[in-house]
Amino acid sequence: MTQSNESSTFRSVVGWALVALGVAVFTVRFLHEGAYAVPRGGNLVGGLGSLLLGGVLLWPGVPKWLGWAALAASPIVLFLGLYATMAELEETVSLYATDSAGQPAELRLWIVDREDGAWVGMPRAKALEHSLDGARLDMLRGGETRCVMPVLYDDDRETVGAIHQMKVEKYAVARAAASIGLYAREARDTTVALRLDPCPAG
């Protein structure tokens, strides 16, 4: 096999892998009951980027420079696409909030349960941007939508750390990412926890 043929085969393999990953980013969300959660942010970039770069690499008439450029960019979208897919393989909930501009926002979150209720964690800036503390919000979990009122825990670092540790223990992707330094094993100073209390009746 000539070097040219080997290069073409390699591009084809990478191209098909990226296309498959791009499809997975969008289809994995059908595993969860309820309304479909459209990928956003980095997840959307990972899905569309994988499809785009995969298509470029599979294009028979792709210019050589463009093929090499697609290969060079593929590790970035590969990481984003893999994370977007793996994060949805286990229980994920949607919290429907509004952002700082007043626009609707669907927050996809990992969730854990303990005796005092259901909990989520996130960066402090994200919780503040969406004004989550004390808001009445709809949460989609297991195909059922319910009203919740998040209670922000920030100064209580022991609770924040405990909730983060529960997430690491529950989610395999968190443990895998932590093992290679892509996810914190312990809560960072910028991490907060939110207890999702049921909304009062009436």
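The rules behind each value
- Residues numbered from 1 in each chain as written.
- Predicted model: local features only at pLDDT ≥ 70, side-chain atom pairs only at ≥ 80, totals over all residues.
- Heavy atoms only, no water.
- Helix = DSSP H or I, 4+ residues; strand = E, 2+ residues; numbered from the N terminus.
- Buried < 20%, exposed > 50% of the residue type's maximum accessible area, 1.4 Å probe, protein only.
- Lys, Arg positive; Asp, Glu negative; His and termini not counted.
- Charge placed at Lys NZ, Arg CZ, Asp CG, Glu CD.
- Disulfide = S-S within 2.5 Å.
- Phe/Tyr/Trp six-rings, centres within 6.5 Å; stacked < 30°, edge-to-face > 60°.
- 1 Å grid on protein atoms, 1.4 Å probe; cavity = no way out; pocket = protein on both sides within 12 Å on 5 of 7 lines; lining within 4 Å.
- Points joined across faces, edges and corners; volume = space filled by probe spheres on them.
- Nonpolar A, V, L, I, M, F, W, Y, C, P; charged D, E, K, R; others polar.
- pLDDT = per-residue confidence, 0-100.

### Some details on the overall build of the protein
Line of reasoning, step 1. Within the protein, the regular secondary structure consists of six helices and seven strands.
Line of reasoning, step 2. Helices (α) and strands (β) of the protein occur, in sequence order from the N terminus, as α-α-α-β-β-β-β-α-β-β-α-α-β.
Line of reasoning, step 3. Within the protein, the proportion of its 202 residues that are buried is 39%.
Line of reasoning, step 4. Across the protein, the 18 positively charged side chains and the 22 negatively charged ones have centroids separated by 6 Å.

### Considering the state of the cysteines
Line of reasoning, step 1. Enumeration according to the criterion identifies one disulfide in this entry.
Line of reasoning, step 2. Disulfide pairing is shown between C147 and C199; the S-S distance is 1.9 Å. Taking the sign of the S-S torsion, -70 degrees for the link of C147 and C199, the bridge is left-handed. Separated by 52 residues along the polypeptide, C147 in strand 6 (residues 144–153) and C199 in the segment after strand 7 (191–198) bring together distant segments of the chain.
Line of reasoning, step 3. A relative accessible area of 26% places C147 in the partly exposed class.
Line of reasoning, step 4. Owing to a relative accessible area of 16%, C199 belongs among the buried residues under this scheme.

### A short note on the packing of aromatic side chains
Line of reasoning, step 1. Counting across every chain of the model gives five aromatic pairs.
Line of reasoning, step 2. Cluster of aromatic residues (ring-pair linked, three or more members): W110, Y171 and Y183.

### Here we look at the layout of surface pockets
Line of reasoning, step 1. The computed volume of the largest pocket comes to approximately 940 Å³.
Line of reasoning, step 2. In terms of lining, the largest pocket is formed by 36 residues, of which the most central are Y83, R108, L109, P123 and K126.
Line of reasoning, step 3. Those elements that place two or more of their residues in the lining of the largest pocket are helix 2 (41–58), helix 3 (64–86), strand 2 (104–109), strand 4 (117–123) and helix 5 (157–170).
Line of reasoning, step 4. No other element matches strand 2, which puts six residues into the lining of the largest pocket.
Line of reasoning, step 5. A class-by-class count of the residues in the lining of the largest pocket yields 18 nonpolar, nine polar and nine charged.

### Let's talk about the confidence of the model for the protein
Line of reasoning, step 1. Confidence in the prediction of the protein, expressed as mean pLDDT, is 93, and 97% of residues score 70 or more.
Line of reasoning, step 2. Looking across the protein, the model is least confident in helix 1 (residues 3–27), with a mean pLDDT of 89, and most confident in strand 7, with 98.

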